[in-house]
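Architecture and fold: a report
Listed here are the chains, written in short residue letters.
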Amino acid sequence: MSKGPDTLRLISGVGAKGPACFVIETAGRRLMLDLGEGPPPGFLPNVDNVGPLDALVLSHGHKDHVGGLQLLGKLGNPPVYATEIVARGLPKNLTVRPLPISGIGEVLGIEVTTGRNGHAPGGVWLHFAIGGGFLYTGDWSTESILYAYDRPAKTAAIALIDCSYANYNKSLGECWSALEPFAERGPLLLPVPANGRGPEIALEFLRYGRTDIYVDDAMDRALRQLCTTDTASVRGNVDDDMKALAVTVKPIEAARGVMLAASADGTSGATKQLLQQWASLSEPAMVFTGYRAPDTPADRLIKSGRAEFLRWNVHPRLSDVVTLVQQIKAKTVIPAFCDRSQLPGLAQAFAPAQVTIDGPVSL
Ligand SMILES: [Zn+2]
């Protein structure tokens with residue numbers, strides 16, 4: 001590969017909700033940012049024309065960001081850079097190199113600044129000292145009561161920003177106001193990702209005074225990790241509440257109290273069986289809170305009216321993205337993980353910054 005200008009290639013993750021996969025080409029090196037699968041199961045990025053990589057850098061451990069690792073063989077099996085917490089969940093046969101969870105690190109001689117993304121255990125945004133600065137947010141949220149968020153401080157001329165919610169602007173407080181009455185009406189099942197909003201919603205119910213909280217094994221494990229090995233991703237003021245939560249929760253054995261179980265869409269984990277068991281009964285109430293891919297149990301139960309959908313924010317509101325764009329003084333914004341039809345509205349909101357999803361973008 002020749003030492004051409006620094007560029008960003010948008011392999012997958014723009015124009016529609018899809019697996020994250022982007023490639024930076026700089027000084028003759030090729031770095032991939034995330035390599036996801038889904039949300040629809042089996043939906044992988046097309047990496048046929050990418051060529052051998054020098055590194056894969058991971059923002060966090062969610063499937064739509066790391067679920068495509070089986071493609072690494074096609075990409076020359078490069079070393080994988082990840083934070084310690086994310087690395088723990090990766091296959092053991094990979095060559096893993098460390099990324100700081102909040103601070104300055106280095107990938108192939110390029111200075112990389114990271115900060116906690118407020119979204120998932122071990123998750124980070126990444127700022128690369130290339131050109132006028134390049135920021136990749138991965139998934140992020142400023143609002144989590146559980147996961148810590150560090151504001152990117154360095155300027156970035158080009159920013160590839162999670163805009164999953166496009167122009168949506170409701171606060172997490174409004175999400176809670178809509179959800180809380182469901183738990184007052186009888187037993188409630190919340191299918192959730194254990195390594196994302198699940199523990200956060202459980203924490204909110206505990207703070208509200210509920211002690212009848214029941215979880216599956218995946219949630220139980222996640223809660224324990226957030227009190228021990230994953231504390232680096234937790235807000236400083238919630239340590240004690242998380243410890244209280246970890247000893248309060250009990251296993252799900254019947255339809256009672258507030259139940260939280262993985263997976264979020266019911267295609268796997270404890271919810272796969274629980275949803276089948278309870279779909280034809282009137283209790284418990286079922287509420288899905290995240291993105292749902294077509295033709296999943298979540299999608300079917302909502303369409304039939306058996307389950308409700310109430311979003312729980314784990315991505316930024318439009319106002320959060322606007323603030324970020326201004327703070328980092330971005331000149332060009334690449335909105336990720338949202339539909340192409342949202343671009344005119346986003347362009348208006350981010351002006352004078354330019355908006356594009358047409359790569360390659362010069363860095
Ligand atoms: Zn995520």
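Residues numbered from 1 in each chain as written. Predicted model: local features only at pLDDT ≥ 70, side-chain atom pairs only at ≥ 80, totals over all residues. Heavy atoms only, no water.

1. Observations concerning the overall build of the protein chain
Rule in force here: The way it works is that DSSP assigns letters per residue, a run of H or I at least four long becomes a helix, a run of E at least two long becomes a strand, and they are numbered from the N terminus. Throughout, radius of gyration means the C-alpha value; the globule benchmark is 2.2 Å times the number of residues raised to the power 0.38. Residue exposure (1.4 Å probe, protein chains only): buried if accessible area is under 20% of the type maximum, exposed if over 50%, otherwise partly exposed. The criterion used for residue contact is that any of the two residues' heavy atoms lie within 4.5 Å. Methods summary: accessible areas were calculated by the Shrake-Rupley approach with a probe of 1.4 Å, and residue burial reflects only the protein chains presented. By the counting rule applied here, Lys and Arg register as positive and Asp and Glu as negative, while His and the ends of each chain are not counted. Just so you know, the charge point we use is NZ for Lys, CZ for Arg, CG for Asp and CD for Glu.
Helix and strand counts for the protein chain stand at ten helices and 20 strands. What you see for the protein chain is a C-alpha radius of gyration of 20 Å, in line with the 21 Å of a compact globule of 363 residues. The buried share among the 363 residues of the protein chain stands at 58%. Summarising the internal contacts of the protein chain: among those between residues at least 6 apart in sequence, 65% fall at separations of at least 24. A total accessible area of about 14,600 Å² is found for the protein chain, and carbon and sulfur atoms account for 49% of it. Of the side chains in the protein chain, 34 bear a positive and 36 a negative charge, and the two mean positions are spaced by 2 Å.

2. Side note on the sheet that holds strand 18 (residues 332-336)
Threshold: Paired strands, as defined in this entry, are two strands with at least two bridges between them according to DSSP. Only the stretch in contact is used when a helix axis is fitted, and all axes are lines through C-alpha atoms; the angle between N-to-C directions ranges over 0 to 180 degrees.
Strand order in the open sheet formed by seven strands is 7-8-9-10-11-18-19, with mixed pairing between adjacent strands. Every interior strand has two partners, whereas the edge strands, strand 7 (103-107) and strand 19 (354-355), have only one. Pairing between strand 11 (residues 158-162) and strand 18: five bridges, direction parallel. Note that in strand 18 the partner of Ile161 across the bridge is Pro335. Sheet strands in contact with helix 9 (residues 318-327) are strand 10 (134-136), strand 11 and strand 18, and its direction is about 165 degrees off that of strand 11.

3. Side note on the state of the cysteines
We count it as follows: Any cysteine sulfur atom paired with another within 2.5 Å is treated as part of a disulfide.
Tallying each qualifying case throughout the model produces zero disulfides. No disulfide involves Cys21; its nearest neighbouring cysteine sulfur is the one of Cys338, lying 17 Å away. Among the cysteines around Cys338, which has no disulfide bond, Cys163 carries the closest sulfur, lying 5.4 Å off. Taking the relative accessible area as the measure of exposure, Cys338 reaches 4% and is therefore buried.

4. Notes on the coordination of the zinc ion
Heads up, the condition is: We call an atom a donor if it is N, O or S and sits within 2.8 Å of the metal, or 3.2 Å for Na, K and Ca. Water is not counted, so some sites may look partial. Only four donors with every angle between 85 and 135 degrees are called tetrahedral; only four or six donors with opposite donors over 155 degrees apart and all others between 65 and 115 are called square planar or octahedral, in that order; all others are irregular.
Each protein donor to the zinc ion is listed here as His60 (NE2), His62 (ND1), His119 (NE2) and Asp139 (OD); together their distances run 2.1 to 2.3 Å. Each of the four donor atoms around the zinc ion contributes to a set of angles spanning 91 to 167 degrees, which defines the coordination as irregular. Every donor residue of the zinc ion comes from the same chain, spaced as H-x1-H-x56-H-x19-D. In this pair, His62 sits in the loop between strand 4 (55-57) and helix 1 (63-66) while Asp139 sits in the loop between strand 10 and strand 11, placing the two residues 77 residues apart along the sequence.

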